[in-house]
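Per-entry structural report
What follows is each chain in one-letter form.
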Amino acid sequence: MMIVTVMLVAVFALVLGFLIGFSTDTQSYTKTTKHIKHESNDNEIQKEYENFLNYDGTPQQ
């Protein structure tokens, strides 16, 4: 009986969360996001990528 109760609570929580997710306004969240442009040159990116590929797994200091 306890297992059935726990399963019913889980199902009701899932359905309730699903309904609340659809009822909230999601446009207010998309309006506040800011697009940050990171400017870095290609040489820095290339060097970071080479370091990533050449890393052998030893601990760094």
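In what follows, the structure referred to is the one given above.
Just so it is clear, the model here is predicted, and its values are computed rather than measured.

**Structural notes on the overall build of the chain**
Of regular secondary structure, the chain possesses three helices and zero strands. Listing each helix as α and each strand as β along the chain from the N terminus yields α-α-α. Carbon and sulfur atoms form 63% of the exposed surface of the chain, whose accessible area is close to 6,700 Å².

**Some words on a nonpolar patch on the surface**
Together, V11, V15, F18, L19 and F22 make up a nonpolar patch on the protein surface, roughly 540 Å² of accessible area in all. You can see F18 is positioned in helix α1 (residues 2-23).

Rules used in this analysis
Residues numbered from 1 in each chain as written. Predicted model: local features only at pLDDT ≥ 70, side-chain atom pairs only at ≥ 80, totals over all residues. Heavy atoms only, no water. Helix = DSSP H or I, 4+ residues; strand = E, 2+ residues; numbered from the N terminus. Areas by Shrake-Rupley, 256 points an atom, 1.4 Å probe, with all protein chains shown as cover. Patch = residues over 30% accessible without salt bridge, like charges linked within 9 Å, V, L, I, M, F, W, Y side chains within 5 Å. Salt bridge = Lys/Arg side-chain N within 4 Å of Asp/Glu carboxyl O.

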